[in-house]
Amino acid sequence: MKAKDIHGMTNDELASKLADLKDELFKLRFSHATGQLENPNVITTTKKDIARIKTEIRAREIKANA
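It should be emphasised that the depicted structure is a prediction, and the values quoted were computed from it without experimental measurement.

**As for the nonpolar core**
For step 1, the next point in the chain: Ranked by size, the top nonpolar core spans eleven residues in total: Ile6, Met9, Leu14, Leu18, Leu21, Leu25, Leu28, Leu37, Ile43, Ile50 and Ile53.
For step 2, the next point in the chain: Contributions of two or more residues to this core are made by helix H2 (11–33) and helix H3 (41–65).
For step 3, the next point in the chain: If we ignore the near neighbours within four places in the chain, the residues touching Ile50 are Leu18, Leu21, Lys22 and Leu25.

What follows is the structure, encoded as structure tokens:
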């Protein structure tokens, strides 16, 4: 997910996407632990997407309070 895609989302969309990504990360970790995950790099990509969304949410909070 690109940063410009995240900037175009609303706050509700960001919250929904964040919940989806956290759920996906849980499933990926479970698959990795059981040895069923073929590409472990997907975990890293998912973590980075979560971080990008959290960063955008925080930036919007700061902008709203300023």
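**Some details on the pattern of salt bridges**
For step 1, the next point in the chain: Taken as a whole and assessed by the stated rule, the structure comprises four salt bridges.
For step 2, the next point in the chain: Put simply, Arg58 and Glu61 hold a salt bridge, and the shortest N to O gap is 3.1 Å. On the criterion of helical spacing, the pair formed by Arg58 and Glu61 is a turn pair, its members being three residues apart in helix H3.
For step 3, the next point in the chain: Relative accessible area serves as the criterion here: at 47%, Arg58 is assigned to the partly exposed category.
For step 4, the next point in the chain: Since its relative accessible area comes to 37%, Glu61 is described here as partly exposed.

Analysis parameters
- Residues numbered from 1 in each chain as written.
- Predicted model: local features only at pLDDT ≥ 70, side-chain atom pairs only at ≥ 80, totals over all residues.
- Heavy atoms only, no water.
- Core = buried A, V, L, I, M, F, W, Y, C linked by side-chain atoms within 4.5 Å.
- Buried < 20%, exposed > 50% of the residue type's maximum accessible area, 1.4 Å probe, protein only.
- Helix = DSSP H or I, 4+ residues; strand = E, 2+ residues; numbered from the N terminus.
- Contact = heavy atoms within 4.5 Å.
- Salt bridge = Lys/Arg side-chain N within 4 Å of Asp/Glu carboxyl O.

Function cannot be inferred from these measures alone, as they are strictly geometric.
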